[in-house]
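Geometric and topological summary
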Amino acid sequence: VYEASAAAQRFLRLSPLSPEATAENGSACSTSLSLALTHRPDDLESRRILSQLNQWLWRDALCDFLIHDGLIKAADKPSVIEKLSLPSMTEQLLASSEIDRSKWVAHWKQFETQFPWLNQSVKLSAESPWVPDLVVDLAAWNLASKDAAIQDPLLRQLIMDPGAGRELYLLGSVLQGSGRVEEAQMAWNGSLKVSERFRPSILERAVTGADPTAAFQKFGPESYAGCIECAEQMRKAPVFKEQLLSRAEQLWPEAQNRLEPKIAVLRGRQFILMEQLAQADEWLRQVQGQWPTSNEIRAERARCLEALDRIDEAHEEWFIIKTLDPENEIAAASMKRLANLPPKLRKVKR
């Protein structure tokens, strides 16, 4: 079983652009692993891998159907199959008309008969009810197709789990799309307890059909660092920019009392987000005096100086970083890039 399972895992890790990522190779791995599992049906991890592999083959068949119907180009297949996850497909279907949804679910079921990942996942969840990514896929299938492939108690178990940040974010997105708003909020809150990683995406999804202020009150960051990091990631979502920067300013006195290089850098980025480059440079210059060996602060000031068109000064900062850290590849690349800029861009502050 181990050899067949390892081969299937290697296949699943292939880039969609790899010449080895073909349905023929995937089917061969599936057949080999299925045969091996007849001797070890208790190997739950290998069964999970088999389910994932059959779902890949299922998505591949869906892509071929889309190509046959002229809905996508054959050349686009690698990028499409990579994005064709069940949660994302379910969100699109839930936003479609009932007729379109029924048509596509029929195609889903047709190809699932060939590649029975759903049946395998349901059986596996009954024997080992805690596999986060499996639960999300089953939930997505259930919400899109109205099948009873997953029971609500299993959903609640996922929502209450303290460690499945990515899966909770995906589940919340699917639940939101199906109108189960309270459960979606529970899932998203669970995700945020694990990590800040998905906060910007959660804010963007939560605001759909809701008041931005209400969404921000529920899912906005509660720390100074969280506000600035979130604002940086949401540059293209101005609906929250003002609220994030306003809350950051309210939280600044507390953060200033615990000032460290990371927080100092974020303060500089706050000024940049407010389009106050000169003030950002002045702040970074001051804290650079407090932490002269902090490459983090020095690198941020170098970027700020470049944005101010003070190229020679930016180059000097990267040179100092390279001196302090000879293995710093970012500093080396930045020095080379700045040195190659046209002379007319090399303005120096006098």
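For the structure given in this document, a descriptive report is provided here. (Residues numbered from 1 in each chain as written. Predicted model: local features only at pLDDT ≥ 70, side-chain atom pairs only at ≥ 80, totals over all residues. Heavy atoms only, no water.)

Looking now at the overall build of the protein chain. Helix and strand counts for the protein chain come out as 20 helices and zero strands. Viewed in the frame of its principal axes, the protein chain has a C-alpha envelope of about 75 × 45 × 40 Å. Across the 350 residues of the protein chain, 45% fall into the buried class. Put simply, 58% of the contacts in the protein chain that link residues at least 6 apart link residues at least 24 apart. Counting 43 positive and 48 negative side-chain charges, the protein chain places the centres of these two groups 4 Å from one another. (Helix = DSSP H or I, 4+ residues; strand = E, 2+ residues; numbered from the N terminus. Buried < 20%, exposed > 50% of the residue type's maximum accessible area, 1.4 Å probe, protein only. Contact = heavy atoms within 4.5 Å. Lys, Arg positive; Asp, Glu negative; His and termini not counted. Charge placed at Lys NZ, Arg CZ, Asp CG, Glu CD.)

Quick look at the side chain of Arg47 now. Along the chain, the position of Arg47 falls in helix α3 (residues 44-68). Of the polar contacts made by the side chain of Arg47, one reaches the backbone oxygen of Pro41; its length is 3.2 Å. Ignoring any residue separated from it by four or fewer positions in sequence, one finds Arg47 in contact with Leu37, Pro41, Lys123, Leu124 and Glu127. (Polar contact = N/O pair within 3.5 Å; in protein donor to acceptor, adjacent residues only side chain to side chain.)

This paragraph deals with helix α19 (residues 311-324). Its 14 residues give α19 an end-to-end C-alpha distance of 20 Å, which sits within 8% of 20 Å, the value for a rise of 1.5 Å per residue. Every buried residue of α19 is listed here: Ile311, Ala314, Glu317, Trp318 and Ile321. The buried side chains of α19 occupy one side of the element, clustering within an arc of 120° when seen end-on. If you follow the buried residues of α19, they end up packed against α17 (277-290), α18 (295-307) and α20 (329-339). (Expected span 1.5 Å × (residues − 1). Arc of directions from axis to C-beta.)

A positive phi angle, close to 60°, is found at Glu275, a residue other than glycine. Looking at the secondary structure, you find Glu275 in the loop between α16 (261-273) and α17. Judged by its relative accessible area of 68%, Glu275 is exposed. Its identity as a non-glycine residue notwithstanding, Asp309 has a phi of 65°, on the positive side. Here Asp309 lies in the loop between α18 and α19.

Now for the pattern of salt bridges. Inspection of every chain in the model, using the stated rule, returns 19 salt bridges. Across the salt bridge formed by Asp281 and Arg301, the nearest N and O atoms sit 2.7 Å from each other. One end of the pair, Asp281, is in helix α17; the other, Arg301, is in helix α18, and 20 residues separate them in sequence. There is no split in this pair, since Asp281 and Arg301 are both buried. Note that Arg301 is salt-bridged to Glu317, the shortest N-O span being 3.2 Å. Within this pair, whereas Arg301 is found in helix α18, its partner Glu317 is found in helix α19, the two being separated by 16 residues in sequence. (Salt bridge = Lys/Arg side-chain N within 4 Å of Asp/Glu carboxyl O.)

Bear in mind that shape data such as this cannot, by itself, settle questions of function.
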